[in-house]
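# Reading the structure
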Amino acid sequence: MSTLTIRTYPDPVLKEECPPVEAVTQDIRRLLDDMAETMYLNSGIGLAAPQVGKKLRLIVVDVQRGKQGDTLLKLVNPRILNKEGRTKSEEGCLSCPDLLVDVSRFERVTVEALLPDGRETTIEAEGLLAICLQHEIDHLNGVLLVDRLSSLRRSLYRKKRLRENAASTPKDDESQSPPRLL
Ligand SMILES: [Zn+2]
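All values reported here derive from a predicted model rather than from experimental measurement.

### Description of the pairing of strand E4 (residues 96-114)
- Bridge analysis of strand E3 (residues 73-93) against E4 gives 13 bridges, and the strand direction is antiparallel. The residue of E4 that forms the bridge with valine 76 is leucine 114.
- Here E3 hands over to E4 after two residues, the two strands then running antiparallel side by side.
- The pairing of E4 with strand E5 (residues 120-126) spans seven bridges and is classified as antiparallel. Residue pairing for E5: arginine 108 is matched across the bridge by glutamate 126.

As structure tokens, then:
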């Protein structure tokens, strides 16, 4: 396995709608493993393929971050079948550093997807898992947390990111990652 580089806003790959995966091949399984490793290394609870520069409908999610047995989900072509209720919480994103946004989501979702072995699965999710699945599926449709900001806040954040990317100084405090990076 190897770790991948996380793309950050305003990288254009994050704005694109990803096409479905046609066949779950060995390459796809390898990419899912690398995505999971990259997610854990960056203290994330979810990661979508465009966040590592791949235009494919693939996500990995582990809201327990491996702390309570094997709760890692590796999903191909995930799709929301049913949704119910509303909930609001603060979300962060590995592709939008130093940004936390209050987001309104469905409280419960049913998600259909393929597993790495090609079998179909249906996941009934609520709470943080439901939020995380919706956040990652947004990524597959080119939707980012910044799209939920007012145009003024978005433009300020964009300028800040461009300035920081240009300076590209390494962060001195990597250990202080904000909660809920998806
Ligand atoms: Zn994200």
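### Re the environment of cysteine 93
- Looking at the element boundaries, cysteine 93 is found in strand E3.
- With 85 residues separating them in the primary sequence, cysteine 93 and threonine 8 have C-alpha atoms 9.2 Å apart.

### Things to note about the pattern of salt bridges
- Scanning all chains against the criterion turns up 14 salt bridges.
- Note that aspartate 147 is salt-bridged to lysine 15, the shortest N-O span being 3.2 Å. Highlighted residues: aspartate 147 in the loop between helix H2 (127-140) and helix H3 (151-167) and lysine 15 in the segment before helix H1 (26-41), separated in sequence by 132 residues.
- Salt bridges linked by common partners bring Glu91, Arg105, Asp138 and Arg148 together as one network.

### Things to note about the packing of aromatic side chains
- For the coordinates displayed, the defined rule picks out one aromatic pair.
- With a centroid separation of 5.7 Å and an interplanar angle of 20°, the aromatic rings of tyrosine 9 and tyrosine 157 are classed as stacked. Of the two residues, tyrosine 9 sits in the segment before H1 while tyrosine 157 sits in helix H3, which places them 148 residues apart along the sequence. Across the pair, exposure class does not vary: tyrosine 9 and tyrosine 157 are buried alike.
- Against the face of phenylalanine 106 rests arginine 86, its NZ or CZ located 4.5 Å from the ring centre.

### Side note on the sheet that holds strand E1 (residues 46-48)
- Strand order in the open sheet formed by five strands is E1-E2-E3-E4-E5, with antiparallel pairing between adjacent strands. If you trace the sheet from one side to the other, it starts and ends with E1 and E5, each paired once. Each adjacent strand pair in this sheet contributes to an overall mean axis angle of 40°, direction not counted.
- Of the strand pairs in this sheet, strand E2 (residues 58-61) and E3 are connected by four bridges, and their pairing is antiparallel. Bridging across to E3, valine 61 finds its partner in leucine 73.
- Lying on the sheet, H1 is in contact with E1, E2 and E3; it crosses E2 at an angle near 40°.

### Considering unusual backbone geometry
- For the bond from tyrosine 9 to proline 10, the omega torsion is 5°, close enough to zero to count as cis.
- Here proline 10 shows up in the segment before H1.
- Unlike most non-glycine residues, asparagine 77 shows phi in positive territory, near 50°.
- Within the secondary structure, asparagine 77 is located in strand E3.
- In this structure, aspartate 98 takes a positive phi of about 55° despite not being glycine.

About the criteria used
- Residues numbered from 1 in each chain as written.
- Predicted model: local features only at pLDDT ≥ 70, side-chain atom pairs only at ≥ 80, totals over all residues.
- Heavy atoms only, no water.
- Pairing = 2+ DSSP bridges.
- Helix = DSSP H or I, 4+ residues; strand = E, 2+ residues; numbered from the N terminus.
- Salt bridge = Lys/Arg side-chain N within 4 Å of Asp/Glu carboxyl O.
- Phe/Tyr/Trp six-rings, centres within 6.5 Å; stacked < 30°, edge-to-face > 60°.
- Buried < 20%, exposed > 50% of the residue type's maximum accessible area, 1.4 Å probe, protein only.
- Lys NZ or Arg CZ within 6 Å of the ring centre and 35° of its normal.
- Axes fitted to C-alpha atoms, helices over the stretch in contact; angles between N-to-C directions.
- Contact = heavy atoms within 4.5 Å.

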